Amino acid sequence: MTTLGVNIDHIANVRQARKTVEPDPVQFAFLAELGGADSITVHLREDRRHIQDRDVFLLKETIKTKLNLEMAATEEMLEVAKKIIPDYVTLVPEKREEVTTEGGLDVKSNVKYLKNFVKNLKESNIEVSAFIDPIGDQINYSREIGFEIIELHTGKYAEVTGYEQHKEFQRILESAYEANDLGLVVNAGHGLNYHNVEKIASINNMNELNIGHSIVARALAVGLEKSVREMKSLIKSN
Ligand code: PXP
């Protein structure tokens, strides 16, 4: 059965817009779990634009499912991960100027560095996943480096339509089978929403889908009316 990892970075985005204490991603992780999330994902960025170190430490203590820490393969992040010991780490490329993670991690060009990095995390009992584009070479090198899990980048699939989307889906499907044959656990994510998720979820042996933006957007859509009603009733009662 395919499980759902909920990415709660956007909750922290709203908090950081005011640099205040609400909404608290820790509280929303609890709600996501109530809704059936099988794991909680947070991306601790080098510039700390949304998730803060405090969030990750508290999540590790409070969540009842699994904590997936997304991070860049830097020495600073390695130290953080070794202090927190999340259930697993997903290594992603990171550029300061990007709005969100753009491409997959180029594992092929960083074999030696990543081998050492992954070994270090595994020695702390942390499973390690590589967020990669659905490309044969990247899958083979992920296996060689020692990753146990790969997360296939579905961003392109989510962006295009019609025949282009069909082609992208085939690429993801073939990549998933190829990775499975190599003994890798296969996750996928990026840009998945209520319209395009089912096809990806139908892939055999798809382990987990990581979804953030569309779930948080939907939460606003289904929750705003109630929150306005509550505020209105406070105003009216005075
Ligand atoms: N997987 C990875 C590796 C990501 O970087 C992100 C975005 O933070 C996601 C999944 C979730 O993408 P989205 O927010 O588009 O659902």
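Residues numbered from 1 in each chain as written. Predicted model: local features only at pLDDT ≥ 70, side-chain atom pairs only at ≥ 80, totals over all residues. Heavy atoms only, no water.

**Regarding the side chain of N196**
Note the following rule: For helices the rule is a DSSP run of H or I covering at least 4 residues; for strands it is a run of E covering at least 2, with both sets numbered from the N terminus onward. Each polar contact in these results corresponds to two N or O atoms within 3.5 Å; when the atoms are within protein, one needs to be able to donate a hydrogen and the other to accept it, and residues that are neighboring in sequence are counted only if both atoms are side-chain atoms. Note on contacts: a residue pair is in contact if any heavy atoms of the two residues lie within 4.5 Å.
Within the fold, N196 resides in the loop between strand 7 (185–189) and helix 9 (197–201). Engagement of the side chain of N196 in a polar contact is seen with the backbone oxygen of G191, the distance being 3.2 Å. At 2.7 Å, the side chain of N196 forms a polar contact with the backbone nitrogen of N193. Once residues within four sequence positions are removed from consideration, N196 is found in contact with Y157, A158, Q165 and G191.

**Comments concerning the packing of helix 4 (residues 75–84) against helix 5 (residues 111–123)**
To keep things clear, this is the line we draw: As a rule, the C-alpha atoms of each element are fitted with a line to give its axis, helices using only the stretch in contact, and angles between N-to-C directions run from 0 to 180 degrees. By definition in this entry, angles of less than 35 degrees are roughly parallel, angles greater than 145 are roughly antiparallel, angles of 65 to 115 are roughly perpendicular, and the rest are oblique. Should the near helix be turned anticlockwise from the far one by less than a right angle, the crossing is termed left-handed; should it be turned clockwise, right-handed. Three classes are used, and their members are as follows: Ala, Val, Leu, Ile, Met, Phe, Trp, Tyr, Cys and Pro are nonpolar, Asp, Glu, Lys and Arg are charged, and the others, Gly among them, are polar.
Packing of helix 4 against helix 5 brings their axes to within 10 Å, and their N-to-C directions diverge by 15 degrees. Between helix 4 and helix 5, the crossing angle belongs to the class labelled roughly parallel. When the axes of helix 4 and helix 5 are compared, the crossing they make is right-handed. Note on element contacts: helix 5 touches helix 4 through Y113, F117, N120 and L121, opposite E75, L78, A81 and K82. Residues of the contact of helix 4 with helix 5, tallied by class, amount to five nonpolar, one polar and two charged.

**Thoughts on the site of the ligand**
Test applied: Only a single heavy atom is needed: when it lies within 4 Å of a molecule or strand, its residue is near that molecule or strand. Using a grid of 1 Å spacing that covers the protein atoms alone, one calls a set of points a cavity when a 1.4 Å probe fits there but cannot get out, and a pocket when the set is open and has protein on both sides within 12 Å along at least five of seven lines; lining residues are those with an atom within 4 Å of a point. Each molecule is assigned to a cavity or pocket provided more than half of its atoms lie within 2 Å of the corresponding grid points.
With respect to spatial proximity, 13 residues lie near the ligand, and among them E70, E151, G191, G212 and H213 are the closest. Between the ligand and N7, the relevant distance is 3.3 Å, taken from an oxygen atom to a side-chain nitrogen or oxygen of the residue. Contacts to the ligand include E151, whose side-chain N or O atom sits 2.5 Å from a nitrogen atom. Comparing atom positions with the cavity grids shows the ligand to sit within the second largest pocket. Counted by class, the shell around the ligand contains three nonpolar, eight polar and two charged residues.

**Remarks on the layout of surface pockets**
Basically, it comes down to this: Grid points are joined across faces, edges and corners, and a volume is the space filled by probe spheres set on the points.
Of the voids in this model, the largest pocket is the one considered here, and its volume is about 630 Å³. What lines the largest pocket is a set of 20 residues, among which I11, F28, V216, A219 and L220 lie closest to the centre. Secondary structure elements with two or more residues in the lining of the largest pocket: helix 1 (9–18), helix 2 (25–34) and helix 10 (213–236). Per-element tally for the lining of the largest pocket: the top contributor is helix 10, with 10 residues. Volume-wise, the second largest pocket comes out at about 540 Å³. Surrounding the second largest pocket, 25 residues form its lining, N7, H10, T100, H190 and H213 being those nearest its centre. For the lining of the second largest pocket, the secondary structure elements donating two or more residues are helix 1, strand 8 (206–211) and helix 10. Top element by residues in the lining of the second largest pocket is helix 1. It accounts for three residues. Considered class by class, the residues forming the lining of the second largest pocket number five nonpolar, 15 polar and five charged.

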